[in-house]
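Examination of the molecular architecture
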Amino acid sequence: MSGTEQRPGRGLLLIELDGDGGHPAAWRKSRTAPVAVLGPARLRDTVLAAESAGFHAATFGDGAVPENGAVPENGAARLNALQRAAFVAPLTRSIALVPEVDTVYTEPFHVSTQLASLDYVSRGRAGWLVRASGSGAEAAAVGREPAGSARRTREAAASIEVGRRLWDTWEDDAVIKDVATGRYLDVDRLHYADFEGPDYSVKGPSIIPRPLQGPLPVLVPAGLLPPEALAGGAADAVLVSAPTPDLLAAELRDTAASLARANPPGTQPALIAELDIVLDARGQSAASRLAELDARAFWESPRARFVGTAAELTELLAGLLTEAAGVRLHPAVVDADLEELAQLVLPELRRRRLLAPATPDATFRELLGLPRPVSRYAAAGTAVVHFPASRAGN
């Protein structure tokens, strides 16, 4: 590289692509008929538009069974996030796919194997956005009492640990396909997970070979996990929210300082800022667009909200990317705001060399700058599983 050339940036942009947008009345301004939002064409087109724009990752929200069985006026149906990510995985090449998956009311063994499968169909572009539901309706749907805050924290940490252990239970070279001996697996390279927690235990091993990335990147909301779990490497990225854009940078600095105190040097998870956005679009000001949406339903959100022009958002993002590894954007209306992001915001950020390249076939770990570790069991050389396979329960 010559002295006059600039290195590309490392900033990441993520976009939430749930339904018609983050605003509960988004469907009223969408170009897509409400019933079509559940169709494959809509999902494909939206994710491909985000990939073409240069976003590094798409997240897919999940959960929220309507409380008391009531569907609010602006309620929208939603397909399972993991299945949406799996559907678009073979259609895409560079954008990472990060479904939100609950850790309280979903079996951790199934979470682990489904995410491992997503990593295979996406060729190493899968991640896990951890959710810990406190919904009474979701608890009732599976015959459980709603989990309190302490239990949600405990079960989220346990589910992540189970997932990480199961992903390691097959060493990378466990599948040998030895025709001469008729062996598909080398049993010396298969291991038990042997997780024992206060709420459940998981024996393992997994039923899926080790994911292409090894352990998938895990993203958690700030405050979900205790400091000791983060210090132990439970998360690769922490999502940081604040009430306003002005407070978001300060919150990022405070979170970084807190993680630096609790984590060994060089092991802090990446920080990703959370931001709702409403942009000037289609000849209408952002404030006017938001007023029309809010007249139908109020947008309650714990995230900072930006309302303004594409140029103003570009400046805000440029500042946030000096404090965070990335920013996750929640468009009010995907159709309208994604167009502005693709045409005005991302090109300008790339021109300023603030964004990491969107590289085809790169893994999500590579995007985050994470190495690919060997299986913990390969390093330890213990806990070898001996067949018959019928012993390998979960």
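A brief report on the enclosed structure follows. (Residues numbered from 1 in each chain as written. Predicted model: local features only at pLDDT ≥ 70, side-chain atom pairs only at ≥ 80, totals over all residues. Heavy atoms only, no water.)

1. Remarks on helix α8 (residues 286-294)
Under the convention used in this document: Partly exposed residues are those whose accessible area sits between 20% and 50% of the maximum for their type, while under 20% is buried and over 50% is exposed, using a 1.4 Å probe and protein chains only. Where helices and strands are cited, they refer to DSSP runs of H or I of at least four residues and of E of at least two residues respectively, numbered from the N terminus. Directions pointing from the helix axis toward each C-beta atom define the arc. Any two residues whose heavy atoms approach within 4.5 Å are treated as being in contact.
For α8, every residue scored as buried is listed here: A286, R289, L290 and L293. Angular distribution of buried residues about the axis of α8 spans 95°; they occupy a single face of the element. Residues of α8 that are buried make contact with β11 (270-279), β12 (304-308) and α10 (334-351).

2. Comments concerning the packing of aromatic side chains
What counts is decided by this rule: Side-chain rings of Phe, Tyr and Trp, where Trp is taken by its six-membered ring, are said to pair if the distance between their centres is within 6.5 Å; with planes under 30 degrees apart they count as stacked, over 60 as edge-to-face, and otherwise as tilted. For a ring to carry a charge above it, either NZ of a lysine or CZ of an arginine must fall within 6 Å of the ring centroid while also lying within 35 degrees of the normal to the ring plane.
Scanning all chains against the criterion turns up two aromatic pairs. Centre to centre, the rings of W128 and W167 are 6.2 Å apart; their planes meet at 80°, and the pair counts as edge-to-face. In this pair, W128 sits in strand β4 (residues 128-131) while W167 sits in helix α5 (residues 149-168), placing the two residues 39 residues apart along the sequence. Take W128: its relative accessible area is 0%, and that puts it in the buried class. With 5.9 Å between their ring centres and 40° between their planes, F195 and Y200 make a pair best called tilted. Judged by its relative accessible area of 22%, Y200 is partly exposed. Taking NZ or CZ as reference, K203 lies 4.4 Å from the ring centre of Y192, over its face.

3. As for the pairing of β12
Going by this rule: Strands are labelled as partners when DSSP assigns at least two bridges between them.
The alternating pattern of β12 places A304, F306 and G308 on a buried face and R305 and V307 on a face that is not buried. As paired elements, β11 and β12 share five bridges and run parallel to each other. Among the inter-strand pairings, L275 is bridged to a residue of β12, identified as A304.

4. Some points on the packing of helix α1 (residues 40-53) against α10
Defined as follows: Fitted lines through C-alpha atoms serve as axes, helices being fitted only where they are in contact, and the angles separating the N-to-C directions of these axes extend from 0 to 180 degrees. In these notes the angle categories are as follows: under 35 degrees is roughly parallel, over 145 is roughly antiparallel, 65 to 115 is roughly perpendicular, and the rest is oblique. Helix crossings fall into two classes, left-handed where the near helix is turned counterclockwise from the far one by less than a right angle and right-handed where it is turned clockwise. Polarity classes work like this: nonpolar for Ala, Val, Leu, Ile, Met, Phe, Trp, Tyr, Cys and Pro, charged for Asp, Glu, Lys and Arg, and polar for all others, with Gly in that last group.
Close contact between α1 and α10 brings their axes to 9 Å; oriented N to C, the two are set at 20°. What the angle tells us is that α1 and α10 run roughly parallel. The two elements α1 and α10 meet at a crossing, and its hand is left-handed. Mapping the contact onto sequence places R42, T46, A49, A50 and A53 in α1 and V334, D335, L338, A342 and L346 in α10. Of the residues assigned to the contact of α1 with α10, the class counts are seven nonpolar, one polar and two charged.

5. What about the side chain of T255?
Within the secondary structure, T255 sits in helix α7 (residues 245-262). The class of T255 is buried, set by a relative accessible area of 13%. Among all residues touching T255, those that are not within four sequence positions of it are V240 and L271.

6. Structural notes on the environment of V162
As for its placement among the helices and strands, V162 is situated in helix α5. With relative accessibility at 1%, the residue V162 sits in the buried group. Taking C-alpha positions, V162 is 26 Å from V88, a pair spaced 74 residues apart along the chain. Setting aside anything within four residues of it in sequence, one finds V162 in contact with P108, F195, Y200 and V202.

Spatial relationships are all this shows, so hold off on functional conclusions.
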